[in-house]
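One letter stands for each residue in the lines below.
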Amino acid sequence: MLTNHFLSADERAELDLFRQSLERFCDAEIEPHYRDWERAGQVPRTLFTQMGAQGYLCADVPEPYGGAGASVHFSFAVTEVLARRGYGGLVGGVQVHNDVIPPYLLHCGTEAQRAHWLPRMARGEAIAAIGMTEPGAGSDLKALRTTARKDGDHYVINGSKIFISNGQNCHLIVLAAKTDPSAGAKGVSLFLVDTSTPGFSRGRNLDKVGQHAGDTSELFFEDMRVPLDALLGGVEGQGFAQMMRELPRERLIIGVQAVHGAQGALDVTQRYVQERQAFGQAIGQFQNTRFTLAACATDIAAAQAFLNASVDAYQRGDLSPEAASALKLHTSELMGRVADQCLQLFGGYGYMAEYPIARFWTDARVLRIYGGTSEIMKELVARGLLGR
């Protein structure tokens, strides 16, 4: 659980009540249906409107734009609770909607753009996605091929995106495109795309190894005409700088997901080893089991301290890209290790999809890929140490 000296005693108490409320919501509205959503490959859009009605969406967005104007801890608490309960597919989409897209609008958007989209997002009426990754451009954002050509009072957008969380459900896409293909990174701009626009189409819902309840899609843009005021902030060529500014929070929220997902995997394993019998005793009595769980718990505690310090830095405005990359690297690798070690303690049962540990394990794998691969994170940390 995130702890923070920025919060007063009253705010901490309020945050605890917020978490308890979300736990009850999960018990009533998510847990009974989650296996069905995993099989369906996505959650229903109505879940976002339900969450919006309860105040679980865009909690740290200012009140004039439909949010609660709360501390960032309230938004992060949504990921904490969902990740610890093993809802990895849902987490992937919710954190894009809650923690990735709103800062783009708040920090880079025009007043009209904020007023139009944020209240709808807070109510869950407009589900948001971010369109960066392309079939030929993953972590290398400068290699984008999607183009946006100005034509009178519109931009004409052509291209495609892949691996887009909320791809099937989204109403809004923050889309990266080249407005000047000859200018490299300086030719990238971001657009606020309404998915009801003619020329937009969705590919199939991609069949993934894990996070099955999260819809992930390829998106297509064919001569799609968007008005000039769809350009984020109204200025061309700022897209790469805008993405670099907001990536630290994206990597921070992945750290929240990873640490609390690891804790969730440990929780279910701790219960299991005290119930499962082998050779006449609970397997929790074997030294190997005890040492494995002790090492996992210690690693999670250390990662939690790293996460708390990173959240503190973010609130001060001091979370550097290098520090956010280090956090994302460390915590995503940690969750993979913990989920794997915990699954091993379940034996053959751990490989059965009906056991929650199997979902923690499969859902964990992509954390080392999305938001920037572990290899890219290492390169960014190294640049902070050695320069380019």
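Residues numbered from 1 in each chain as written. Predicted model: local features only at pLDDT ≥ 70, side-chain atom pairs only at ≥ 80, totals over all residues. Heavy atoms only, no water.

A. Layout of unusual backbone geometry. A positive phi angle, close to 55 degrees, is found at Cys58, a residue other than glycine. Its relative accessible area of 0% is what places Cys58 among the buried residues. One non-glycine residue with positive phi stands out, namely Gln211, at about 50 degrees. Along the chain, the position of Gln211 falls in the loop between β6 (200-205) and β7 (216-227). Overall, Gln211 belongs to the buried group, its relative accessible area being 6%. (Buried < 20%, exposed > 50% of the residue type's maximum accessible area, 1.4 Å probe, protein only. Helix = DSSP H or I, 4+ residues; strand = E, 2+ residues; numbered from the N terminus.)

B. Representation of the state of the cysteines within the structure. All told, the structure shown has zero disulfides when counted by the stated rule. Here Cys26 stays free of any disulfide, with the sulfur of Cys58 as its closest cysteine sulfur at 17 Å. Cys58 provides the cysteine sulfur closest to Cys170, a residue in no disulfide bond, and the two sulfurs are 15 Å apart. By relative accessible area, which is 0% here, Cys170 ends up buried. (Disulfide = S-S within 2.5 Å.)

C. Inspection of the environment of Pro62 at higher detail. Within the element layout of this structure, Pro62 appears in the loop between α3 (45-53) and α4 (72-84). When the C-alpha positions of Pro62 and Asn98 are compared, they lie 13 Å apart, and in sequence the two are 36 residues distant.

D. Spotlight on the environment of Gln344. Inspection of the secondary structure assignment puts Gln344 in helix α9 (residues 321-345). Overall, the relative accessible area of 61% leaves Gln344 in the exposed class. C-alpha separation for the pair Gln344 and Phe191, spaced 153 residues apart in sequence, amounts to 45 Å.

E. Molecular detail of the nonpolar core. By size, the foremost hydrophobic cluster in this structure holds 54 residues, and its most contacted members are Ile30, Met51, Leu82, Leu90, Ile101 and Met121. Among the elements that line this core, the one with the most residues is helix α5 (residues 88-108), at nine residues. Look past the residues within four positions of Ile101 in its chain and what remains in contact with it is Val96, Met121, Ala128, Ala129, Ile130, Leu172 and Val174. Counting 38 residues, the second largest nonpolar core, distinct from the first, contains Ala258, Ile300, Met335 and Leu343. (Core = buried A, V, L, I, M, F, W, Y, C linked by side-chain atoms within 4.5 Å. Contact = heavy atoms within 4.5 Å.)

F. Looking closely at the pattern of salt bridges. Under the counting rule described, the total for this entry stands at 17 salt bridges. Linking Arg84 and Asp267 is a salt bridge whose minimum nitrogen-to-oxygen distance equals 2.7 Å. Placement of Arg84 in helix α4 and of Asp267 in helix α7 (residues 239-275) is noted, with a sequence separation of 183 residues between them. (Salt bridge = Lys/Arg side-chain N within 4 Å of Asp/Glu carboxyl O.)

G. Structural detail: the pairing of strand β4 (residues 172-178). Counting buried positions along β4 yields seven of seven residues, so the element is predominantly enclosed. Where burial is concerned, the two faces of β4 agree: the one with Leu172, Val174, Ala176 and Lys178 and the one with Ile173, Leu175 and Ala177 are both buried. Sheet topology note: the strand β1 (residues 128-131)/β4 ladder contains four bridges and is parallel. Across the sheet, residue Ile130 finds its bridge partner in β4, namely Val174. Of the pairings in the sheet, the one linking β4 to strand β5 (residues 188-194) comprises seven bridges and is antiparallel in character. Bridged to Leu175 within β5 is Phe191. (Pairing = 2+ DSSP bridges.)

H. Region of the structure containing the packing of aromatic side chains. Counted according to the given criterion, the structure contains 13 aromatic pairs. Arranged with centres 5.6 Å apart and planes meeting at 75 degrees, the rings of Phe18 and Tyr56 form a pair that is edge-to-face. Taken together, the residues span a long stretch of sequence, with Phe18 in helix α1 (residues 9-30) and Tyr56 in the loop between α3 and α4 at a distance of 38 residues. Between Tyr34 and Tyr87, the ring centres sit 4.7 Å apart and the planes meet at 35 degrees, which makes this aromatic pair tilted. Placement of Tyr34 in helix α2 (residues 34-40) and of Tyr87 in the loop between α4 and α5 is noted, with a sequence separation of 53 residues between them. Overall, Tyr34 belongs to the buried group, its relative accessible area being 2%. (Phe/Tyr/Trp six-rings, centres within 6.5 Å; stacked < 30°, edge-to-face > 60°.)

I. Representation of the layout of surface pockets within the structure. The volume enclosed by the second largest pocket comes to roughly 420 Å³. Lining the second largest pocket are 20 residues, and of these Glu23, Val81, Arg84, Arg85 and Gly86 lie nearest its centre. Contributions of two or more residues to the lining of the second largest pocket are made by α1, α2, α4, α7 and α10 (356-364). Ranked by residue count, the leading element in the lining of the second largest pocket is α7, at five residues. When the residues that make up the lining of the second largest pocket are grouped by side-chain class, the tally is seven nonpolar, three polar and ten charged. (1 Å grid on protein atoms, 1.4 Å probe; cavity = no way out; pocket = protein on both sides within 12 Å on 5 of 7 lines; lining within 4 Å. Points joined across faces, edges and corners; volume = space filled by probe spheres on them. Nonpolar A, V, L, I, M, F, W, Y, C, P; charged D, E, K, R; others polar.)

J. Looking closely at α1. Between the first and last C-alpha of α1 there are 30 Å, a value that for 22 residues agrees with the 32 Å anticipated at 1.5 Å per step. Every buried residue of α1 is accounted for by Leu15, Phe18, Arg19, Leu22, Phe25, Cys26 and Ile30. In an axial view of α1, the angular spread of the buried residues amounts to 120 degrees, which keeps them on one side of the axis. Of the exposed residues in α1, those oriented more than 90 degrees away from the buried face are Ala9, Asp10, Leu17 and Arg24. (Expected span 1.5 Å × (residues − 1). Arc of directions from axis to C-beta.)

These figures capture arrangement, not role.
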